[in-house]
Amino acid sequence: MSDSLYEPHIMENPELPFILHRDSRLSTVNMTYNWHINIELLYCTDGEGYVTVDDKDIPFCRGSVVVVNSNRLHRVCSEGSVRYNVLIIDHRFCAENGVPTDETLFEDCIRDAELCHDFDRVIKCYGLQGKIRTAAVRHAVLGLLIRLYRDHFVAEDAAQQSSVTVERIKSVVRYIRRHIADVLTLDEIAASAGVSKYHLAREFKRFSGQTVFEHINAIRCKEAKRMIESGMSVSAAALSCGFENMSYFSRTYKKYTGTLPSSVRGRGRKNGAAGE
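It should be emphasised that the depicted structure is a prediction, and the values quoted were computed from it without experimental measurement.

A.B. asks: Would you take a moment to explain helix α7 (residues 212-229) for this structure?
C.D. replies: The periodicity of an α-helix, 3.6 residues per turn, causes residues three or four positions apart to be oriented the same way. Here α7 is 18 residues long and its end C-alpha atoms lie 26 Å apart, about the 26 Å a rise of 1.5 Å per residue gives. Of the positions making up α7, those classed as buried are Val212, His215, Ile216, Asn217, Ala218, Ile219, Arg220, Cys221, Glu223, Ala224, Met227 and Ile228. Positive phi shows up at glycine 231, right after α7, with a value of about 115°.

If you want it as structure tokens, here you go:
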């Protein structure tokens, strides 16, 4: 289990140090934050929503690209639905090509037809077959990165470090993840962040839209789902995630995921039988 909402990226092919996939959001309910060192580009293709980066809500609609700069807390939300492509570029690839993205800041909301065209080219190159595919994908990603740096770089004197509030929220979510199986109190969590429980409660709710304990339950249910899908029994997953009462676990799990934990287990067995 990760000890924070830091998201490590595993690049399966060292020759293609990128992650490209399609994603969607159907509602704002129970979305949690994460952050990572690698730069992430979100290219909206349908619908609308917003991307919260640190404590800023960025409009997200068709034809727009949101850049999540290195080590920024972020989440994608929508009150209706939004569909988008995600491209994550390994920071070492960027540095090797003269763009150290962990030290560089880009505009966070971009409407640039040429940048969208470059993104589409990356997607197209991923669909190629044969020996040229790797070179084509690397060339396309580098072209996109060059345009991003050339046209949407934010000068150093305009770049600002994450606020004290953001760093405090990060420390809180790290603490929660490290102690996800323990009985947690607001006093204990606030002490870990060096603030009063009343200040933390207000700050966390304002920043995330959730209370501290709503966030804890959402994280616990998400982790329990992962464990059940990997083959762990429902009761073992519940205990591992800090739920001692199975009835309460089932009610909470359904509230945050929309299904009962037993139904997830059933899907996991079917997937296993299919060889997935």
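A.B. asks: Before we go on, may I ask you to explain the pattern of salt bridges in this structure?
C.D. replies: Close approach of charged atoms allows side chains with opposite charge to pair. Following the criterion strictly, the structure yields nine salt bridges and no others. Note that lysine 56 and aspartate 108 form a salt bridge whose closest N and O atoms lie 3.0 Å from each other. Here aspartate 108 lies in the loop between β7 (105-106) and β8 (109-110) and lysine 56 lies in strand β3 (residues 56-61), a separation of 52 residues in the sequence. On the accessibility criterion, lysine 56 (43% relative accessible area) is partly exposed. Of the charged contacts, one joins arginine 168 and glutamate 203 as a salt bridge, the two residues approaching to 3.1 Å between their closest N and O atoms. Taken as a pair, arginine 168 in helix α4 (residues 164-178) and glutamate 203 in helix α6 (residues 197-208) lie far apart in primary sequence, 35 residues in all. Of the two residues, arginine 168 and glutamate 203, neither departs from the other in class, the shared state being buried.

A.B. asks: Explain the confidence of the model for the protein chain here, please?
C.D. replies: Should the pLDDT be low somewhere, the predicted coordinates at that spot are not to be read in detail. Across the protein chain, the average pLDDT comes to 85, with 89% of residues at 70 or higher. Ranking the elements of the protein chain by mean pLDDT puts helix α10 (residues 261-273) last with 56 and helix α2 (residues 113-126) first with 97. Below a pLDDT of 50 lies the segment residues 266-276, which in the model reaches three contacts outside its immediate sequence neighbourhood of four places, other chains included.

A.B. asks: Got a minute to help me understand the packing of aromatic side chains in this structure?
C.D. replies: Aromatic ring pairs: the centre-centre distance and the angle between the two ring planes describe each pair. A complete count under the given rule lists eight aromatic pairs for this structure. Ring geometry for tyrosine 149 versus phenylalanine 153: centroids 5.1 Å apart, planes at 45°, classification tilted. Residue classification places phenylalanine 153 among the partly exposed positions, given a relative accessible area of 35%. Among the aromatic residues, those joined into a cluster by ring pairs are Phe243, Tyr248, Phe249 and Tyr253.

A.B. asks: Help me understand the packing of α4 against α7 in this model?
C.D. replies: Each pair of packed helices gets described by two things: the angle between the helix axes and the distance between those axes. Where α4 meets α7, the axes come as close as 11 Å, and the angle between the chain directions of the two elements is 50°. Considered as vectors, α4 and α7 are oriented oblique to each other. Along this stretch, α4 crosses α7, giving a crossing that reads as right-handed. Taking contact as the criterion, the partners of Val173, Ile176 and Arg177 in α4 are, on α7, Val212, His215, Ile216 and Ile219. Partitioning the contact of α4 with α7 into residue classes produces five nonpolar, one polar and one charged.

A.B. asks: What is the right way to look at the packing of helix α5 (residues 186-193) against α6 in this model?
C.D. replies: Interaxial distance between α5 and α6 falls to 9 Å at its minimum, and their mutual angle equals 85°. Relative to α6, α5 is oriented roughly perpendicular. Where α5 approaches α6, its residues Leu186, Asp187, Ile189 and Ala190 are matched on the opposing element by Lys197, Leu200 and Ala201.

A.B. asks: Looking at this model, I keep getting lost on the side chain of glutamate 203. Mind explaining?
C.D. replies: Relative accessible area serves as the criterion here: at 8%, glutamate 203 is assigned to the buried category. A distance of 3.1 Å separates polar atoms of two side chains, one belonging to glutamate 203 and the other to arginine 168. For glutamate 203, the residues in contact, after removing those within four places along its chain, are Thr165, Arg168 and Ile169.

What counts and how
Residues numbered from 1 in each chain as written. Predicted model: local features only at pLDDT ≥ 70, side-chain atom pairs only at ≥ 80, totals over all residues. Heavy atoms only, no water. Helix = DSSP H or I, 4+ residues; strand = E, 2+ residues; numbered from the N terminus. Expected span 1.5 Å × (residues − 1). Buried < 20%, exposed > 50% of the residue type's maximum accessible area, 1.4 Å probe, protein only. Salt bridge = Lys/Arg side-chain N within 4 Å of Asp/Glu carboxyl O. pLDDT = per-residue confidence, 0-100. Contact = heavy atoms within 4.5 Å. Phe/Tyr/Trp six-rings, centres within 6.5 Å; stacked < 30°, edge-to-face > 60°. Axes fitted to C-alpha atoms, helices over the stretch in contact; angles between N-to-C directions. Parallel < 35°, antiparallel > 145°, perpendicular 65-115°, else oblique. Left-handed = near helix turned anticlockwise from the far one by under 90°. Nonpolar A, V, L, I, M, F, W, Y, C, P; charged D, E, K, R; others polar. Polar contact = N/O pair within 3.5 Å; in protein donor to acceptor, adjacent residues only side chain to side chain.

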